[in-house]
There are 4 protein chains.
Amino acid sequence: MMNRVVLVGRLTKDPELRYTPSGVAVATFTLAVNRPFSNQQGEREADFINCVVWRKPAENVANFLKKGSMAGVDGRIQTRNYEGQDGRRVYVTEVLAESVQFLEPKNSSGNTGGGGRSNDFYGAPPREPQGSSYGGGNQNQRQNSNQGFTRVDDDPFAGSGQIDISDDDLPF
Amino acid sequence: MMNRVVLVGRLTKDPELRYTPSGVAVATFTLAVNRPFSNQQGEREADFINCVVWRKPAENVANFLKKGSMAGVDGRIQTRNYEGQDGRRVYVTEVLAESVQFLEPKNSSGNTGGGGRSNDFYGAPPREPQGSSYGGGNQNQRQNSNQGFTRVDDDPFAGSGQIDISDDDLPF
Amino acid sequence: MMNRVVLVGRLTKDPELRYTPSGVAVATFTLAVNRPFSNQQGEREADFINCVVWRKPAENVANFLKKGSMAGVDGRIQTRNYEGQDGRRVYVTEVLAESVQFLEPKNSSGNTGGGGRSNDFYGAPPREPQGSSYGGGNQNQRQNSNQGFTRVDDDPFAGSGQIDISDDDLPF
Amino acid sequence: MMNRVVLVGRLTKDPELRYTPSGVAVATFTLAVNRPFSNQQGEREADFINCVVWRKPAENVANFLKKGSMAGVDGRIQTRNYEGQDGRRVYVTEVLAESVQFLEPKNSSGNTGGGGRSNDFYGAPPREPQGSSYGGGNQNQRQNSNQGFTRVDDDPFAGSGQIDISDDDLPF
DNA sequence: TTTT
DNA sequence: TTTT
């Protein structure tokens, strides 16, 4: 079994950063990736691909990427489903980003870091100790707009039963 | 802009083969790809990823793959949306397979081809001459079950306006 | 069988453009791709990956990329071997780029193209009619430096016996 | 910067397992990946791609794969260079496998594991505690042939100065 | 509404 | 309901 995705595209809007009850960061964003060909009308279309990223890279995404930023994603396709507001089952296919690469030029706004600073947000360590850092570690360079960030369940993909949070808290 | 997907998994059921009004083959199938880790309950979960493939490789998929077959896919993520039966917009994310690889052992059922036969269905040539081969080229090894196959619009992804076919004809 | 590579990195020097005797363009370049981690000395190392691209995208690479350009490559790993000058067999592993993406910001030097111009060089059509365009189609935006470009065999990868050209003509 | 490789092919011979002086396992093997097209002579050629894998997955590779096994690799391209026996610098391009997938059918030899056993060797944890497990953990299912395995430097890729081992100890 |  |  193999499952690998690589994307390069532009954020359709600012990323959204949330935290699980135990304090794990999760960011969601949508990449617009232009197709390499034109349709019959001669127009270049794009695919709009929903992405999710966890933990430290999630905070990096929230801090360094914004609407229009060009970014690269290396990850996997994940599918999940949940009960929609009308009782119907909703199926979701999205990309779980294992690393996100900031592909803007150095002279871009916000990226004033000196010299050797690296531009990729790598990792998603499998078992970071959780729970203590709730709401911490958020001293952002670009002040993140979702102050009063909302909580999400520890695993938004699981859709596992008794979640004490509203649908609005789920990524997408 | 880059968009690349590689998958290896098993078909959740037999692939479905359809033809556009102009006779272009399109096959759809779902790959179950087991995740490389277990969840909190110690269970191995899977992602169920919808795939589409066009033209000759579509017919190969229909002829050589079936429920449970292990297959590899090399392609791109595509998104599209259409008006659901209840008037709401439905968003779809799926994999456009550019090549499909048959990964079953040679001693598997149905695969009795001699010697140097290759197992990958490659191609999706951008501009095959269309229209003449409608319903042709379907002399299947495994007799395809959707005799009386249905028609789909030339580009099921486009969702472009005046389609004279029902929703049931669309892939997925 | 599957073989897929996706790279994003920077050209270590200007690409080199050559033509086969029958006039098919081939460009070679090396991408420096920084590793996502530091070594024991705390230094970020890079991998230097040789790439080859054919036909129209080769000319695009020669025209739009130069030393330091950030580029994305989608392709395959290819291996070949040839008899070295000392009689020993030399083994080469390189990336055959099927598409190359120009990832520089629009305000970069040389990229003054208006509006909707696309930045990816896609294609490598399997069987373009050959032979007539020898040395043609080279009206470059950035004047290509290897005027007096050399000829290479129709398939530099094959290393197949009786080649009437010197080693210098081989890509790498 | 991005660097991703996905391969599916067959081992050209049994994998080789070695250990660093501090006891870290490293396995090397070559994958033959058939090309998806034929050459001018109508023959299907293959690429022979050298792969390296570390730690636990290395031992799994040595235990479960052998010449002819079909395997999938998800990893990165790495380049390194070293001083050859004749004083010339030798450049190496190989694939660092981050996970290896066993793609043989269940009825294959050696794979008699019961029920839910998973077939992928995943991980390459960045910083496993080293040094204590030297020579341990080698209770192989298929008895590994390189008894009297040799030692390699902790990082064969680094080529970093004072190595007290011969060239033969290096992977490849 | 899923594969082995 | 989308990026440049």
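Residues numbered from 1 in each chain as written. Chains lettered and ligands numbered in written order. Predicted model: local features only at pLDDT ≥ 70, side-chain atom pairs only at ≥ 80, totals over all residues. Heavy atoms only, no water.

- As annotated in an unreviewed UniProt entry, chain A carries the name Single-stranded DNA-binding protein and is attributed to Neobacillus mesonae.

Comments concerning the overall build of chain A
Now for step 1: A tally of helices and strands in chain A yields 1 helix and 7 strands.
Now for step 2: In sequence order, the secondary structure elements of chain A are arranged as β-β-β-β-α-β-β-β.
Now for step 3: Scored against the burial criterion, the 172 residues of chain A give a buried share of 51%.
Now for step 4: Sequence-distant contacts in chain A: of pairs separated by 6 or more residues, those separated by 24 or more amount to 64%.
Now for step 5: Counting every atom, chain A has about 7800 Å² of accessible surface; 49% of that belongs to carbon and sulfur. (Helix = DSSP H or I, 4+ residues; strand = E, 2+ residues; numbered from the N terminus. Buried < 20%, exposed > 50% of the residue type's maximum accessible area, 1.4 Å probe, protein only. Contact = heavy atoms within 4.5 Å. Areas by Shrake-Rupley, 256 points an atom, 1.4 Å probe, with all protein chains shown as cover.)

Focus: the protein's contact with DNA strand E
Now for step 1: Taken together, 13 residues lie near DNA strand E, and Tyr91(A), Arg10(B), Thr12(B), Asn34(B) and Phe48(B) sit nearest.
Now for step 2: Taken together, the sugar and phosphate atoms account for 32% of what DNA strand E places within 4 Å of the protein.
Now for step 3: The side chain of Arg10(B) places a nitrogen or oxygen atom 3.3 Å from a sugar or linking oxygen of DNA strand E.
Now for step 4: Here a base nitrogen of DNA strand E sits 2.9 Å away from a polar atom, N or O, in the side chain of Asn34(B).
Now for step 5: Looking at the surface near DNA strand E element by element, the count peaks at 3 residues for strand β3 (residues 25-38) of chain B.
Now for step 6: Counted by class, the surface near DNA strand E contains 6 nonpolar, 4 polar and 3 charged residues. (Near = heavy atom within 4 Å. Polar contact = N/O pair within 3.5 Å; in protein donor to acceptor, adjacent residues only side chain to side chain. Nonpolar A, V, L, I, M, F, W, Y, C, P; charged D, E, K, R; others polar.)

A closer look at the pattern of salt bridges
Now for step 1: Evaluated as defined, the whole model comprises 54 salt bridges over all chains.
Now for step 2: Put simply, Glu98(A) and Arg4(A) hold a salt bridge, and the shortest N to O gap is 3.0 Å. Within this pair, whereas Glu98(A) is found in strand β6 (residues 89-102), its partner Arg4(A) is found in strand β1 (residues 2-11), the two being separated by 94 residues in sequence.
Now for step 3: For Arg4(A), a relative accessible area of 5% corresponds to the buried category.
Now for step 4: Residues participating in the shared-partner salt-bridge network are Arg4(A), Asp74(A), Glu98(A), Arg4(D), Asp74(D) and Glu98(D). (Salt bridge = Lys/Arg side-chain N within 4 Å of Asp/Glu carboxyl O.)

Here's the deal with the relation of the copies chain A and chain B
Both copies of the chain are related through a single rotation about an axis accompanied by a shift along the same axis.
Now for step 1: Taken as rigid bodies, chain A and chain B are interconverted by a rotation of 180° and an axial shift of 0.0 Å, the fit giving an RMSD of 0.0 Å. One copy is carried onto the other by what is essentially a two-fold rotation axis. Residue Val5(A), judged by its C-alpha, is the member of chain A lying nearest the rotation axis, at 2.3 Å.
Now for step 2: By residue overlap, the copies meet face to face through one surface: 100% of the interface positions of chain A are interface positions in chain B. (Least-squares fit on C-alpha atoms with pLDDT ≥ 70 in both.)

Quick notes on the protein's contact with DNA strand F
Now for step 1: Around DNA strand F, a shell composed of 14 residues is seen, among which Arg10(A), Thr12(A), Asn34(A), Phe48(A) and Tyr91(B) lie nearest.
Now for step 2: What you see for DNA strand F is that sugar and phosphate hold 36% of its atoms within 4 Å of the protein.
Now for step 3: Residue Arg10(A) places a side-chain N or O atom 3.3 Å away from a sugar or linking oxygen belonging to DNA strand F.
Now for step 4: Tyr91(B) is positioned with one of its side-chain polar atoms (N or O) 2.3 Å from a base nitrogen of DNA strand F.

Structural notes on the environment of Lys67(B)
Residues and elements named next belong to chain B.
Now for step 1: Mapped onto the secondary structure, Lys-67 falls in the loop between α1 (55-64) and β5 (70-83).
Now for step 2: Residue Lys-67 is classed as exposed on the basis of its relative accessible area of 59%.
Now for step 3: For Lys-67 and Glu-104, which are 37 residues apart along the polypeptide, the C-alpha to C-alpha distance reads 12 Å.
Now for step 4: Sequence-distant contacts of Lys-67, defined by excluding residues within four places in its chain, comprise Leu-11, Thr-12, Lys-13 and Asp-14.

Let's talk about the interface of chain A and chain B
Now for step 1: Contact with chain A, which involves 30 residues of that partner, is made by 30 residues of chain B.
Now for step 2: Surface buried jointly by chain A and chain B totals about 2700 Å² across both partners, of which 50% is contributed by carbon and sulfur atoms.
Now for step 3: The interface formed by chain A and chain B contains 2 salt bridges.
Now for step 4: Across the pair Arg76(B) and Asp47(A) runs a salt bridge whose closest N-O atoms are separated by 3.6 Å.
Now for step 5: If you look at where chain A meets chain B, you find 10 residue pairs in polar contact (both at pLDDT 80 or more).
Now for step 6: Of all elements in the fold, only β1, β3 (25-38), β4 (44-54), β5 (70-83) and β6 of chain A reach the threshold of two or more residues within the side of chain A that touches chain B.
Now for step 7: In terms of residues, the side of chain A that touches chain B owes the most to one element, β1(A), which gives 9 residues.
Now for step 8: A breakdown of the residues in the side of chain A that touches chain B according to their chemical character gives 15 nonpolar, 7 polar and 8 charged.
Now for step 9: When β1(A) meets strand β1 (residues 2-11) of chain B, the two strands line up antiparallel, connected through 7 bridges. Bridge pairing in β1(B) places Val5(A) opposite Val5(B). (Buried area = accessible area lost by both parts, 1.4 Å probe. Pairing = 2+ DSSP bridges.)

As for the pairing of strand β4 (residues 44-54) of chain D
Residues and elements named next belong to chain D.
Now for step 1: Of the pairings in the sheet, the one linking strand β3 (residues 25-38) to β4 comprises 10 bridges and is antiparallel in character. The partner of Ser-38 across the bridge, within β4, is Arg-44.
Now for step 2: Taking the residues that link successive antiparallel strands as the turn, the β3-β4 hairpin has 5 residues, and the phi of Gly-42 there is positive, at about 80°.
Now for step 3: Inspection of the sheet shows β4 paired to strand β6 (residues 89-102) by 2 bridges, in the parallel sense. Among the inter-strand pairings, Cys-51 is bridged to a residue of β6, identified as Val-95.

Description of the side chain of Arg80(C)
Now for step 1: Turning to its location among the elements, Arg80(C) is positioned in strand β5 (residues 70-83).
Now for step 2: A polar contact is formed between the side chain of Arg80(C) and the side chain of Glu94(C), at a distance of 2.8 Å.

Describing helix α1 (residues 55-64) of chain C
Working note: α-helix, 3.6 residues per turn, so residues spaced by three or four point in the same direction.
Now for step 1: Here α1(C) lies mainly inside the structure; 8 of its 10 residues are buried.
Now for step 2: When we look at burial in α1(C), the residues that qualify are Arg55(C), Pro57(C), Ala58(C), Glu59(C), Asn60(C), Val61(C), Ala62(C) and Asn63(C).

Looking at the pairing of strand β2 (residues 16-19) of chain B
Residue and element names in this part refer to chain B.
Now for step 1: As defined by bridge partners, β2 adjoins β3 across 4 bridges and the pair is classed as antiparallel. Note that in β3 the partner of Glu-16 across the bridge is Thr-28.
Now for step 2: Taking the residues that link successive antiparallel strands as the turn, the β2-β3 hairpin has 5 residues, and the phi of Gly-23 there is positive, at about 90°.

Some points on the environment of Ser69(D)
Residues and elements named next belong to chain D.
Now for step 1: Note on placement: Ser-69 falls in the loop between α1 (55-64) and β5 (70-83).
Now for step 2: The contact partners of Ser-69, leaving out residues within four places of it in the chain, are Gly-9, Arg-10, Leu-11, Phe-64 and Glu-104.
Now for step 3: A distance of 2.9 Å separates the side chain of Ser-69 from the backbone nitrogen of Lys-66, its partner in a polar contact.

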